[in-house]
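If you want the building blocks of each chain, they are given just below.
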Amino acid sequence: MRQIVQNISDQIGKETFALICFLAFLFLTFSSLTPRFLTAANLSSMAFQLPVLGILTLAMLAPILSGGLNLAIIFTANLSGLTLAWTLLQAGGPDAGIFAFVIGVAAALAVGAAAGLVMGLAVAYTGAHPILVSLAMMIFLRGLGEFLTRGGDISGFPEFVGTIGHGSLFLIPIPMIIFTLVALAWHIMLVSTKHGFSVYMIGSNLNASEYSGIPTKKTLTLIYTFSGVLCGIAGILMVSRFNSVRVGHGEALLLVTVLACFLGGIDPFGGFGKVMPVVIALIILQVLSSGLNLLGANQHLSTAVWGLFLILVMVIRHVVNQLRNYLARRE
Amino acid sequence: MTTDPEWVLSLENVSKNFGGVKALTDVSFRVKPGEVHCLAGENGCGKSTLIKIITGVYTPSPGAKLNILGKEIEHITPALAREMGISVIWQDLALFPHMSVAENISFDEVVGFWPKLVRTETFKPKVEAILKRLNVEMDLDEPIKDLPIAQRQIVAIARALMGNAKLIFMDEPTSSLTQSETNMLMRIVQKLSEDGVAVVFVSHRLAEVLAISSQVTVLRDGYLVGVFPTEGMTQTKLAELMTNLTLVNEVTATPDIDTESILEIENLSRENEFQNVSLNIKKGEIVGLTGLIGAGRTELAHALIGMTKPTSGTIKLGGKEVNFSSIRDAILEGIAYVSEDRLSLGLIQPQSIADNIVTTVLNRILTFMGFVSTKKKETMVNYWIKELAIRIGESSDAVSTLSGGNQQRVVLAKWLATEPQLMILDNPTVGVDVGARAGIFRIVKSLAEQGMGILLISDEVHEVHFNSDRVLVMTNGEINLEHNPLEHSVEQLESIVYA
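Within each chain, residue numbers correspond to sequence positions counted from 1 in written order. Chains and ligands are labelled by the order in which they are written, letters from A for the one and numbers from 1 for the other. Where totals are concerned, whole chains, interfaces and linings use all residues; where local detail is concerned, this predicted model gives features only for residues with pLDDT of at least 70, and gives and counts side-chain atom pairs only at 80 or more. Side-chain numbers here rest on the full set of heavy atoms in the structure, without hydrogens or water.

## Observations concerning the sheet that holds strand β10 (residues 223-229) of chain B
Residues and elements named next belong to chain B.
- With mixed pairing, 6 strands are arranged side by side in an open sheet as β6-β7-β8-β3-β9-β10. Two strands in the sheet have a free side with no partner beyond their single neighbour: β6 (86-89) and β10. Strand-to-strand, the axes of this sheet are offset by a mean angle of 20 degrees, without reference to chain direction.
- Strands β3 (36-40), β6, β7 (167-171), β8 (198-203) and β9 (215-220) of the sheet are contacted by helix α1 (residues 47-54), whose axis makes an angle of about 125 degrees with β3.
- Residues are treated as being in contact if the distance between any of their heavy atoms lies within 4.5 Å. Note on geometry: axes are lines fitted to C-alpha atoms, helical ones only across the stretch in contact, with angles between N-to-C directions running from 0 to 180 degrees. Helix and strand assignments follow DSSP, with helices taken as H or I runs no shorter than four residues and strands as E runs no shorter than two, numbered in order from the N terminus. Sheet contacts for helix α9 (residues 235-243): β3, β9 and β10; angle to β9, the most-contacted strand, approximately 35 degrees. A pair of strands is labelled paired if DSSP reports no fewer than 2 bridges between them.

## Considering the interface of chain B and chain A
- At the interface, 25 residues of chain B touch 22 residues of chain A.
- Buried area: the sum, over both parts, of the accessible surface (1.4 Å probe) that disappears when the two are put together. Carbon and sulfur atoms supply 66% of the area buried between chain B and chain A, which totals about 2,000 Å² over both sides.
- For this analysis, a salt bridge means a side-chain nitrogen from Lys or Arg found within 4 Å of a carboxyl oxygen belonging to Asp or Glu. Seen at the junction of chain B and chain A, the total is 1 salt bridge.
- Pairs of N or O atoms within 3.5 Å make up the polar contacts considered here, provided that, within protein, one atom can donate a hydrogen while the other can accept it, and that residues adjacent in sequence are counted only when both atoms are side-chain atoms. At the junction of chain B and chain A, the tally comes to 9 residue pairs in polar contact (both at pLDDT 80 or more).
- Within the residue set of the side of chain B that touches chain A, elements represented by two or more residues are α11 (327-332), α12 (342-346), α13 (353-358) and α15 (404-416) of chain B.
- In terms of residue class, the side of chain B that touches chain A is built from 15 nonpolar, 6 polar and 4 charged. Under the scheme applied, nonpolar residues are Ala, Val, Leu, Ile, Met, Phe, Trp, Tyr, Cys and Pro; charged residues are Asp, Glu, Lys and Arg; polar residues are all the others, including Gly.

## Digging into the side chain of Asn 406 of chain B
Residue and element names in this part refer to chain B.
- Position of Asn 406 relative to the elements: it lies in helix α15.
- A polar side-chain atom of Asn 406 sits 3.0 Å from the main-chain amide nitrogen of Arg 391.
- With sequence-adjacent residues up to four places away left out, Asn 406 is seen in contact with Ala 389, Ile 390 and Arg 391.

## Thoughts on the nonpolar core
- By convention a nonpolar core is built from buried Ala, Val, Leu, Ile, Met, Phe, Trp, Tyr and Cys residues, the set being connected through side-chain atoms within 4.5 Å. Each residue is placed in one exposure class: buried if its accessible area under a 1.4 Å probe, protein chains only, is under 20% of its type's maximum, exposed if it is over 50%, and partly exposed if it falls in between. Of all hydrophobic cores here, the largest spans 178 residues; its most connected members are Leu 58, Leu 61, Trp 186 and Leu 190 of chain A together with Leu 263, Met 423 and Ile 424 of chain B.
- Setting aside residues no more than four positions away along its own chain, Leu 58 of chain A makes contact with Phe 179, Val 182, Ala 183, Trp 186, Leu 230 and Val 275 of chain A.

## Quick word on the packing of aromatic side chains
Residue and element names in this part refer to chain A.
- Centre distance within 6.5 Å is the pairing criterion for rings of Phe, Tyr and Trp, where only the six-membered ring of Trp is used; planes under 30 degrees apart are then read as stacked, over 60 as edge-to-face, and the remainder as tilted. Counted by the stated rule, this structure contains 8 aromatic pairs over all chains.
- When the centroid spacing of 6.0 Å and the interplanar angle of 40 degrees are considered together, the rings of Phe 22 and Phe 25 count as tilted. Here Phe 22 pairs with Phe 25, and both are found in helix α2 (residues 14-33), just 3 residues apart, close to one helical turn.
- Given the relative accessible area of 26%, Phe 22 is considered partly exposed.
- Taking the relative accessible area as the measure of exposure, Phe 25 reaches 48% and is therefore partly exposed.
- For the pair Trp 186 and Phe 226, a centre-to-centre distance of 6.3 Å together with 70 degrees between the ring planes defines the contact as edge-to-face. Placement of Trp 186 in helix α8 (residues 174-192) and of Phe 226 in helix α11 (residues 216-242) is noted, with a sequence separation of 40 residues between them.
- Judged by its relative accessible area of 29%, Phe 226 falls in the partly exposed class.
- Within the aromatic cluster, the residues linked to one another by ring pairs are Phe 22, Phe 25 and Phe 309.

Here it is in structure tokens:
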């Protein structure tokens, strides 16, 4: 038995293994506390809620791995959503056809990519700190969005847009399918492409990477451009889930994406971390929030629990490391 | 307590274990008042541990005897050590860059358990007296960050004297000094010695150890090898004592290399860095380039690899004129550059050995789909680890866990993987033990024998003399002399470089 556990843990990494164990623990606890937790309705509602946060978290992931941060993700997503909404409204609002939708999606992705590209170029060529660059971009996008919408909601889309946010394919929610595909693509990009390899190296030491012939400027530019594209996807998903667009929608998610990255074992200083543990961390956060909700807890309380939980994880990591060092020294 | 103790410091039977690792075993160490002593040994031989025991940072294993100025000390603490007049100047000097000279020198006087008001003015006369004693003049109000390293060192020495130091340890004091600065430091040390202050240099630079001290204590693997007078000692003999290896220092130059040129530089200049540099490297030739720090050697290398653009002149590679706009261009044309700064430029320290080896050759380990192939990567990594005999645990370990010598082999591996025709080695043995240096140069020699052109840049005159086919000397951004190791001695080269 011990051997089997050891093997699994070696295969997927200790960190991921610990997260999976914790997730299982949460599942058991919540299902024993409330019979409504382990029901198809609850599981499916979780699967509908998770993807927006999930894709935004992946948009945050690569910048952090490269030693930076993208604070503009939410407003990039908002602006992308706005682009799609505008295209649909131009094509007749509720009567817009599928063709207008496709154009809108392409435009939304292009807007996301453009926002990312500008940030990437600034980070790569001016050497400005990503926090400052993305903060400036965030303020710009927010102001632009509020100016264009006058701070109001935009709604009135054709019905089929809602199916993307609420429909299922073979019993699997469509948003979940999109998220799974994105996560898979992200995993492959980071683990087995030249770009992904460069992201990790740059995250550990930009200058040494440059001296080794890694195209650091191109890589940095791409990191933020790709991040912008993911924001675009998240923005489209938000349009289809909420059937409306408002600039500032999902603002509270910004810090949660950072939290999810660190919970998933991403090194805050860059260079180390994987997609898989981050996805599990996201599921943990979702389970925590849905479970507490079913138990009748206030929604704000569950946000507080997220925060407490992250502090707890930091402490546990510290203790485990101390213990490991102590054992290593005794050997 | 005797009035005139024979030893300012006397240690006996000092041992220290860290977990199961024996850092020091039964070492004794003595220094006479006013003596200039050297503590020599390779990295990890126990030099730092010994100093940390003397200054009370570490507690030695039971049985150790410590005697300062004729007084038996039961238990030493950092505060007591300073009170007894023992002071350490670490390599990084531990000064406060934004504070003034006077504030730095009088720093130990003003810190304490209780907060108090500090008026630097009250210390100034004392600070001035100490600087006068050292025969140096300095602006007391100048912030440390505006001073060159050599001046900072004087500030550190003055700070030690402020606390009435009887014995000053200096950790690798000359590693970043030019020869004239080193000479100035030596004069100050001489002055201290005449005043009865003993100075212990901790160093692994052999030439220096012999030049400045009267006695040398050699440590190896935590054991005392012995205490030797420096008179009559040679560098080679000292290196052998430090490493327990028989080192052959022979000129390895090959006479009259007659192959086609790989690199031809003509009248290359870059403003404020180097002027009218012309040089030629043939296939299979090792060309040494030496000179004082700041002579423009690294700057020349940077222009050769496309990190900077020369203002005038031409670079020809294999007969074809090249004009690189980035280091990637240089790599593609077959130039490899081993940086002198292995810690922050040569390797990506936190990442794995395997990843470091393939950083330069990602295009060679792709599958036909364009993905990184784990199998090709593994094959390449294993090949180079074996080829260069890199001693590692797992190739997934962080490169920072390796010793200096093995790290340098990883650097060589990552550049050899690019199959270069020209390799530029910039101070390739910085932080590499004497014993491991020979191994690095054996690899370099065999590369030259296979036809690679090599530009060997080094501070250490001995290194270029013994390992190059010919040596160029650079002064103030110009190459003004060529030295032939087969015809002239290393002493002649030294006198030219340090003139």
